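One-letter residues, chain by chain:
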Amino acid sequence: MVAKPKLRPAVSSPGRAKRQREMKQMDAGEVMRQLRERGSESGEISERHWGLSSSRPSAAVSFLLEKGLLERTSNGRSKAGQRSGALRINAGYGHVVGVDIGASNLRVALADMNGSVLGKWSASTKKTSSPDLVIEQIRTGVKYLLQRASVPRRSLLAVAAGAPGITDGDAGVVVATSYLRGWKDCLLYTSDAADDLT
């Protein structure tokens, strides 16, 4: 009887695991970006356009398929027995909101995962430029757009907001702006912006 060697589990440091997660997210983001750019005319693209023989893009595609962000347009099989068919972004996976806070106008847009704008809303900020009033206007605009497009609130994945001046995006703070009165060290949102601004 031949003794089998004992396999030791791979040891991974927390820093290495974090870097691997970040790399996977970057790769997935790149696949989504390329799919949007290259698939904009037909709405879909085949994996072979990326030359996905390397493991990183293939892993990113697998990850996005598992999460439901991508879908295959065909379940055919190639001669090698691998799944074939084009990939496309699952537009119905969720929705995002973009907010542009300007010195005189507030603009809010709702889009699906393909980037198709489903609706726009705007309001003046000339008389209501205080942070509390503008944030309330954002909530009003988001609710209006969700209702008008018949999109349930639970489908909202992210809210991205921009303001003129110096911001700390990680903390959700408008540090300073010369265009909006009262916007100094203003907390615009916390880590769960979809709850804060809806």
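Here the structure is a predicted model, which is why all the values come from computation and not from measurement.

## Focus: the sheet that holds strand β8 (residues 166-168)
Within a sheet, each strand pairs with its neighbour through backbone hydrogen bonds, oriented either parallel or antiparallel. Read across the sheet, 3 strands follow the order β8-β9-β10 without closing on themselves; strand pairing throughout is antiparallel. What marks the edges here is a single partner per strand, and that holds for β8 and β10 (186-187). Here strand β9 (residues 173-176) pairs with β10 via 2 bridges, running antiparallel. Within the sheet, the bridge partner assigned to Val-174 lies in β10 and is Cys-186.

## Observations concerning the nonpolar core
Within the largest apolar cluster, 24 residues are counted, with the highest numbers of intra-cluster contacts made by Val-97, Val-99, Ile-101, Leu-106, Val-108, Ile-138 and Trp-183. If you list the elements that add at least two residues to this core, you get β4 (95-101), β5 (105-112), β6 (117-124), α3 (131-148) and β7 (156-162). Among the elements that take part in this core, α3 stands out by supplying 6 residues, more than any other. Once you skip the residues sitting within four places of it in the chain, Trp-183 turns out to touch Ile-101, Ser-129, Ser-130, Pro-131, Val-134, Val-174, Val-175, Ala-176, Thr-177 and Leu-188. Among the nonpolar cores identified, the runner-up in size contains 12 residues, and Val-31, Ala-60, Leu-69 and Met-113 belong to it.

## Some remarks on the environment of His-95
With respect to the helices, strands and loops of the structure, His-95 is situated in strand β4. Using a relative accessible area of 11% as the deciding quantity, one classes His-95 as buried. On a C-alpha basis, the gap between His-95 and Ala-111 in space is 5.7 Å, while along the polypeptide they are 16 residues apart. Setting aside residues up to four positions removed in sequence, His-95 forms contacts with Leu-110, Ala-111, Asp-112, Leu-118, Val-151, Ser-155, Leu-156, Leu-157 and Ala-158. Engagement of the side chain of His-95 in a polar contact is seen with the side chain of Ser-155, the distance being 2.5 Å.

## Here we look at the sheet that holds β4
Within the open sheet, the 4 strands sit side by side as β6-β5-β4-β7. Their pairing is mixed. Edge positions in the open sheet fall to β6 and β7, since each of these has one partner strand only. Averaged over neighbouring strand pairs, the angle between their axes works out to 15° when direction is ignored. Pairing geometry for β4 and β5, over 7 bridges, is antiparallel. Directly across from Val-99, in β5, lies its bridge partner Val-108.

## Digging into unusual backbone geometry
Residue Ser-150 is not a glycine yet carries a positive backbone phi of 55°. When you line up the elements, Ser-150 lands in the loop between α3 and β7. Here Asp-185, not a glycine, exhibits a phi torsion of approximately 50°, which is positive. Along the chain, the position of Asp-185 falls in the loop between β9 and β10. Of the residues examined, Asp-185 reaches a relative accessible area of 52% and is grouped as exposed.

## Digging into helix α2 (residues 55-67)
Counted at 1.5 Å a residue, the expected span for α2 with its 13 residues is 18 Å, and the 18 Å between its end C-alpha atoms agrees. Those residues of α2 that fall on the buried side of the exposure criterion are Ala-60, Val-61 and Leu-64. Projected down its long axis, α2 carries its buried residues within an arc of 100°, all on one side. Across α2 from its buried face, at more than 90 degrees, point the exposed residues Ser-55 and Glu-66. Looking at the buried side of α2, the elements it contacts are α1 (14-38), β2 (70-72) and β3 (86-89).

## Some words on α3
The first and last C-alpha atoms of α3 sit 26 Å apart over 18 residues, in line with the 26 Å expected at 1.5 Å per residue. Among the residues of α3, those classed as buried are Pro-131, Val-134, Ile-135, Gln-137, Ile-138, Gly-141, Val-142, Leu-145 and Leu-146. All buried residues of α3 fall inside an arc of 165° around its axis, so they share one side. Within α3, the exposed residues directed more than 90 degrees away from the buried face are Asp-132, Gln-147 and Arg-148.

The rules behind the values
Residues numbered from 1 in each chain as written. Predicted model: local features only at pLDDT ≥ 70, side-chain atom pairs only at ≥ 80, totals over all residues. Heavy atoms only, no water. Pairing = 2+ DSSP bridges. Helix = DSSP H or I, 4+ residues; strand = E, 2+ residues; numbered from the N terminus. Core = buried A, V, L, I, M, F, W, Y, C linked by side-chain atoms within 4.5 Å. Buried < 20%, exposed > 50% of the residue type's maximum accessible area, 1.4 Å probe, protein only. Contact = heavy atoms within 4.5 Å. Polar contact = N/O pair within 3.5 Å; in protein donor to acceptor, adjacent residues only side chain to side chain. Axes fitted to C-alpha atoms, helices over the stretch in contact; angles between N-to-C directions. Expected span 1.5 Å × (residues − 1). Arc of directions from axis to C-beta.

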